[in-house]
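Take a look at the letters that make up each chain.
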Amino acid sequence: MGFWKAMFGGSELSPEEEKEEKTARNFDLLKYDGVKALKIGQTDYAVRCFQEALKLQEDLEVHDYLSQALLRQGELADAMEELQVLAAAEPENDSIQLRIAQLAYMEEDYVRMAEACERAMQIDGNSAATHYLYAQAYKGQGNVVGAIAMLTKAIALDEDNPDAYLLRGQIQLEIGETAGADADADWLLKNEYAHEEALLLKARVELAKGHADDAIKLYDMVTEVNPFCIEAFRERGSLRLAQGDKAGAEADMQKVLELDPNLLADVSGDYSAEGIEQRVSQAYSAVNPLGL
C-alpha cells in the first residue's frame, strides 16, 4: 500500500502513523543515550533518559537499566520498584529474584530477602548462590541454625565456594562452635584463599582456643595483607595488652586512631608511657573479636 501511495504522490504515512514513528524514534534515542550515559558513569542523566523513555513506551530492558542506574545512585527503594516490575513480568526468572534478594540485603530487609530466596529456590533448587543468599537472610534474622544449614547445602552444591566457607566459619565462631570454625578457616587457607578475612577468622579461632601466640602471628599476617585493617590492629592490641605488652598495645592503638580518629573519640589523653595501661585498657575494654 505504501508503494502505491508513493507512486501516485499520496502520503505514505497517516498523521497517526507519523506520530507513532516519531514516538518510537524518541524512545530509541532516549534509551540508547541512557545506556551510553550509564556506561560512562553519568548516572543522573541516564536515570532521566530511562524515565522519559518509559513515559513513551513500556520496555523491560529499560526497567532493567533504570534499576541499575538507581542502584548506583543509592536509590534503593526506587531500584527495588523497578526489579518488582521485572519480577512480575518474568515470574520464572530466578536471576531477578536473586537481584531482589541482594538489594534487600543492602536495605537490611531480611524478611524480603528470604522471600525472594524462597521464590528463587522454587524455580531452581540447586543454585549454590541462592542458598548462600538465603543463609545471609537467615543470619540477618538471627536464625544461625538455618544459616549454617543453608551454607552447608551451598557448599555441597559447589565445593569450591570460599564465601560460603567463610560465612559459615564466622557464624560457627560466634556461637562457640570453634572446631567447625577452625575447619572452615583451614579449608580457606589450604585452598589458597589466604586473604584478609580468612586470616582474620583463623586468628580469632586461635584466640578462642587460647593460643595467644599463634593468634598474634596470624594478626601480623592480616596487617601484612591489609595494612589498613582496623580490626586486626585493635584485636591484636587487646591481646598484647592482656599479655602485658604495653608498648605493643600502645602501637596498635595509635594505628587504630590513625586509621579512624573518631572510632575511640571517648578515650582521652595521649599515648605516652605515663598512664598507658589505664588509657589503653579503657580503649580496649569493649573489644570482642568473637562478636559475643
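Note: the structure precedes this text.
Residues numbered from 1 in each chain as written. Predicted model: local features only at pLDDT ≥ 70, side-chain atom pairs only at ≥ 80, totals over all residues. Heavy atoms only, no water.

**Examining the pattern of salt bridges**
Logical step 1: With the rule as written, the count across this model stands at 16 salt bridges.
Logical step 2: Close ionic contact of R168 with D184 constitutes a salt bridge, the shortest N to O distance being 2.8 Å. In this pair, R168 sits in helix α10 (residues 162–174) while D184 sits in helix α11 (residues 178–190), placing the two residues 16 residues apart along the sequence. Just as R168 is buried, D184 falls in that class too.
Logical step 3: Close ionic contact of K202 with D182 constitutes a salt bridge, the shortest N to O distance being 2.5 Å. Of the two residues, K202 is situated in helix α12 (residues 196–208) and D182 in helix α11; the sequence distance between them amounts to 20 residues. D182 shares its class with K202; the two are buried. (Salt bridge = Lys/Arg side-chain N within 4 Å of Asp/Glu carboxyl O. Helix = DSSP H or I, 4+ residues; strand = E, 2+ residues; numbered from the N terminus. Buried < 20%, exposed > 50% of the residue type's maximum accessible area, 1.4 Å probe, protein only.)

**Looking at the nonpolar core**
Soluble, globular proteins show a tendency: their nonpolar side chains are buried together.
Logical step 1: The biggest cluster of nonpolar side chains holds 55 residues, and the ones touching the most others in it are F50, I100, L151, L188 and L201.
Logical step 2: Each residue touching I100, except ones within four places of it in the same chain, is listed here: M80, L83, Q84, A87 and A116.
Logical step 3: Counting residues in hydrophobic clusters, the runner-up holds 12 residues, among them A212, I216, L218 and A232. (Core = buried A, V, L, I, M, F, W, Y, C linked by side-chain atoms within 4.5 Å. Contact = heavy atoms within 4.5 Å.)

**What to know about the packing of helix α9 (residues 144–157) against α10**
Logical step 1: Contact geometry of α9 with α10 gives a least axis separation of 9 Å together with a crossing angle of 155°. Relative to α10, the element α9 is oriented roughly antiparallel. You can see that α9 and α10 cross each other, and the crossing is left-handed. In this structure, α9 uses V144, A147, I148, L151, T152, A154 and I155 to contact α10, whose residues at the interface are A164, Y165, L167, R168, I171 and Q172.
Logical step 2: Taken together, the residues of the contact of α9 with α10 sort by class into 10 nonpolar, two polar and one charged. (Axes fitted to C-alpha atoms, helices over the stretch in contact; angles between N-to-C directions. Parallel < 35°, antiparallel > 145°, perpendicular 65-115°, else oblique. Left-handed = near helix turned anticlockwise from the far one by under 90°. Nonpolar A, V, L, I, M, F, W, Y, C, P; charged D, E, K, R; others polar.)

**A short note on helix α4 (residues 60–73)**
Logical step 1: With 14 residues, α4 should cover 20 Å at 1.5 Å per step; its first-to-last C-alpha distance of 20 Å lies within 8% of that length.
Logical step 2: Within α4, the full set of buried residues consists of V62, H63, L66, S67, A69 and L70.
Logical step 3: Contacts from the buried residues of α4 go to α2 (15–39), α3 (43–56), α5 (76–89) and α6 (94–106).
Logical step 4: Structurally, the start of α4 carries an N-cap: the backbone nitrogen of E61 is 3.1 Å from a side-chain oxygen of D59.
Logical step 5: One or two positions beyond α4, positive phi appears at G74, with a value near 80°. (Expected span 1.5 Å × (residues − 1). Polar contact = N/O pair within 3.5 Å; in protein donor to acceptor, adjacent residues only side chain to side chain.)

**So, the packing of aromatic side chains**
Logical step 1: Throughout the structure, instances matching the rule amount to four aromatic pairs.
Logical step 2: Taking the centre distance of 6.3 Å and the plane angle of 65° together, the rings of Y105 and Y110 count as edge-to-face.
Logical step 3: Overall, the relative accessible area of 37% leaves Y105 in the partly exposed class.
Logical step 4: What makes Y110 partly exposed here is its relative accessible area of 21%.
Logical step 5: Between the aromatic rings of Y134 and Y138, the centroid separation amounts to 4.9 Å while the plane-to-plane angle is 10°, which identifies the pairing as stacked. (Phe/Tyr/Trp six-rings, centres within 6.5 Å; stacked < 30°, edge-to-face > 60°.)

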